[in-house]
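Chain and residue survey
Spelled out from the first residue to the last, the chains are:
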Amino acid sequence: MDYKSTLNLPKTDFPMQGKLPQQEPLTLRRWQEADLYQQLLHARADRPRYILHDGPPYANGQIHIGHAVNKVLKDIINKSKLLEGFQVPYVPGWDCHGLPIEIQVEKELGRPGEKVSPRVFREACRRYAEGQVDGQRQDFERLGIIGDWQHPYLTMHFEAEADIVRELGRLTVNGSVYRGAKPVHWCVDCGSALAEAEVEYQDRTDPSVDVAFAVVDADELRRRLGLAQTVAASLVIWTTTPWTLPANQAVAMHPDYRYQLLRAGPHTLILAAELAAAALARYGHPDAEVLAEFPGAALEGLLLHHPFLQRQVPVILGHHVTLDAGTGCVHTAPAHGQEDYEAGLQYHLPVESPVEGNGRFRADTPYVGGQTVAAANDSLVALLKERGALLHFEKIRHSYPHCWRHKTPLLFRATPQWFIGMERNGLRAKALAAIAATRWIPEWGQERIAGMVAQRPDWCISRQRAWGVPVALFACAHCGEPLRDAATFERVARAIATAGVDAWFDRPDSDFLGGDAHCAACGHGAFTKVNDILDVWFDSGSTHAFVLERRPELGSPADLYLEGSDQHRGWFQSSLLESVASRGRAPYRTVLTHGFTVDGEGRKMSKSLGNVIAPQKVIDQWGADILRLWVASEDYRGEIPISDDILKRLGESYRRIRNTARYILGNCHDFDPVADAVPTERLLEMDRWMLARTALLQEEIRVAYGEFQFHRVQQRLHHFCSVELGGLYLDVLKDRLYTTPQRSRARRSAQTVLWQILAGMVRWMSPILSFTAEEIWTFMGPRQEAGVFFAEYQSLSLPADSEALMARWERLLTLRTVANQTLEAQRKAGTIGAFLDAELHLYANSDWQEFLHPHAGELRFLLLSSGFHLHPYAERPADCLDSLPGLAMTVEASTAAKCARCWHRRPDVGRHAEHPLLCGRCIENLAEPGETREIC
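Conventions we followed
Residues numbered from 1 in each chain as written. Predicted model: local features only at pLDDT ≥ 70, side-chain atom pairs only at ≥ 80, totals over all residues. Heavy atoms only, no water. UniProt positions renumbered as here; feature names shortened; annotations may be inferred. Domains from an automatic or database assignment. Contact = heavy atoms within 4.5 Å. Buried area = accessible area lost by both parts, 1.4 Å probe. Salt bridge = Lys/Arg side-chain N within 4 Å of Asp/Glu carboxyl O. Polar contact = N/O pair within 3.5 Å; in protein donor to acceptor, adjacent residues only side chain to side chain. Helix = DSSP H or I, 4+ residues; strand = E, 2+ residues; numbered from the N terminus. Nonpolar A, V, L, I, M, F, W, Y, C, P; charged D, E, K, R; others polar. Pairing = 2+ DSSP bridges. Axes fitted to C-alpha atoms, helices over the stretch in contact; angles between N-to-C directions.

Going by the annotation in an unreviewed UniProt entry, the name recorded for the protein chain is Isoleucine--tRNA ligase, with Acidithiobacillus sulfuriphilus given as the source organism. UniProt's Catalytic activity (unreviewed entry) comment on the protein chain is quoted here verbatim: "tRNA(Ile) + L-isoleucine + ATP = L-isoleucyl-tRNA(Ile) + AMP + diphosphate". Heading Subcellular location (unreviewed entry) of the UniProt record for the protein chain holds this comment: "Cytoplasm".

1. Digging into the domain arrangement of the protein chain
Each domain of the protein chain was delimited in the assignment, giving domain 1 (3-15 + 642-799), domain 2 (192-412) and domain 3 (803-895). Here the C-alpha centre of domain 3 lies 29 Å away from the C-alpha centre of domain 1. Counting residues at the interface gives 13 residues for domain 1 and 10 residues for domain 3. Together, Glu685, Trp689 and Val732 form the three largest contributors to the area buried by domain 1 at its contact with domain 3, with a combined 50%. For Asp731, the salt bridge identified is with Arg816, shortest N-O distance 3.5 Å. Between domain 1 and domain 3 we count 4 residue pairs in polar contact (both at pLDDT 80 or more) in total. Contributing elements (two or more residues each) for the side of domain 1 that touches domain 3: helix 21 (685-706) and helix 22 (710-739). Top element by residues in the side of domain 1 that touches domain 3 is helix 21. It accounts for 7 residues. Counted by class, the side of domain 1 that touches domain 3 contains 7 nonpolar, 1 polar and 5 charged residues.

2. Focus on the sheet that holds strand 29 (residues 882-884)
What the 4 strands build is an open sheet, ordered 28-27-30-29; its pairing is mixed. Both outer strands of the open sheet, strand 28 (867-872) and strand 29, are each paired with one neighbouring strand and no more. For this sheet the average axis-to-axis angle between neighbouring strands, irrespective of direction, equals 35°. Each of strand 27 (838-844), strand 29 and strand 30 (887-893) touches helix 25 (residues 802-829); the most contacted strand, strand 30, lies at about 40° to it.

Here's what the structure looks like:
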């Protein structure tokens, strides 16, 4: 007889190898053809919504590995919320305006207004952005991201551009927007002001100079300091930007710091007392005489000679003066520094910048007319030396702001710009309150963004470029104030909703201005149209208005914003400020940030290092599910490493999970969960224990998803498959599944729990291994749900005796661990070949006897041995040490014959004439109902 045919061996068409790069596109096509996203929305139409608002990536270039991390994290969250029963609308979007696209179009057409008209240029920018969106959309969909890809939001949609103008109108009408000549970060290469988020800091070498500003009236200085006689003294400033000295309007001192009047060689100098020793050492006069000591407030208003221009500048006071470095006396050029500007406002100082947008001084600027700022540095150092005002010169390396696009140093220069005032309508205080009311993940995000908002200057929202939403303002021709009229803004918005931003630039002013338009500030009725465009951060910062509030399936505030940690100074902040300024609240309830990708050695990815890993390459080689598994496996709160070795390890983890599912499918090929399931109370004890373990694990995974701890989900899923199932449950179960009758209680009990395990696993993995989960789902046969993403967490109730089960099986598994160690030692020693060649002898005290005796007949199956013999503890061999307290163990090679069917060595093999090669148990299992099992 062919006894193999009597065994219930696994049968499944589910492939061992996933062949993900080939199979995933087929699954994706089915999802697209079925319009999976809309089906999911419809299926959960009456459920509570969970809204994750997509921060728009820039529509320029192929997606990189950071894009993949971001979108996969969002998708994992959305799918985990599907498991919880939410309706999960997700509308992806793109940022389509701004300089990067202009640069690409300029390469082909030249600058707008030169070879092509601004209108033709904008049309080319729009076409370019559309092409970039299409390419990125395909890559995002290939990652398995579920969303409304057929109806994304684009900041260049006419309706979006119109709503952005409406948001500008709200803030202009409520007084938040104003015009000012404030210093802003200016990129010569961009030809425009930059937003805070467009600035990055790099080290560079600059001149460091100490410059003397001579006191105009020595007698006035004598009176103020109570000196016995007059002295010709100078205040000394220190700066690393000599090119800003032509714009100097004052020297600032701290009102409370102590300053000293010092005779140092041929000079009489005024320096902060705490910095004097270091400064004098630089000047080569360390042994100076102190003539007087006084607070900075004593010199307020004292006039000084500019070191090379024919003007006098005052001493002013400011709390921004520090003792970190320098002299304690600060060169103040309101046109070239934010703190200088603010101090200048208090003292009504002129804000005059002689530097033009091309980075050169105006031709009429004395000494440096027409020069670049770099050349002016050298010229001015030479001039200061010639005038005897240069006390010290050296080159220093320091951190300096650079353009994030061109990587070139920026100028801080005052230009006429439009701003949102941080103090207007209490915006700063309200924004800080909104930050405190928001949940930040990780928690340090709250402190980070709060610090930025507390210190940030007013928001410069105007740019001098061509491709973007216009700063749709009419400025009073008499006083410069903007027209603060809601009806005018609405007329502009309606025109843009019909014809796009060209409507603003092409149509006459009369189409928008009412006949009775007049300036609320001065009463005049003549206006000038503003031709700047809006900062793109204002565009994306307004998405809560034109996406969350406009799309009927969405709502505001969103449950979650999720982006990289650099967005505390970018999208998180622009969205916060726009929403608080216009609506008085944040646009989000929770904000989650992730780190940036690095290589396996922790290095930033760089083409020059050759360590860039493209997501397209990973997908082509491994499949999207492996990339998704990598995203889930890393703690995204810090840097996220990726390398070929990391992906290989995750490939092994994936195979373990996949083959666990395959094994369960194979052993449930003849199981109908409706007709064949065994009630929980009739399950074998080990099955009830494993059901309880599965229910507890589901709760762990549910909590981990809820806390956005996806690496814990991946770790627990892998451990469950490799250790709890592969290393224990399935190992023990194999004998029962294969050898007991097909419809026996013993086998159906195992199948009942295996099916529930698989039904749980396929759900747990679906947010991460989306393609594989769907594939497994299709092999599980007809289901009530149309696909895995329609399924919610299954109800896994704990068995009534779960607490007792857990305690009992914790002890049994301790015994199994010790038995495995003992058997493995004997196998290595050559005493036995396989574990089933062994018989175990346990010598147990009364406590262990009472625990083990009731089911001693089945424990050989748990311990994977052919025989299990329980003896009194007192009969243990003299040289046998305790394996556990009160329990000793020995192993002997079985002398019994090996059963041809179950491979156990049993003394009853050969006793049945009809089946001489089988043990008695296997003979019993050749027909229903088969052997009786209660434990395992």
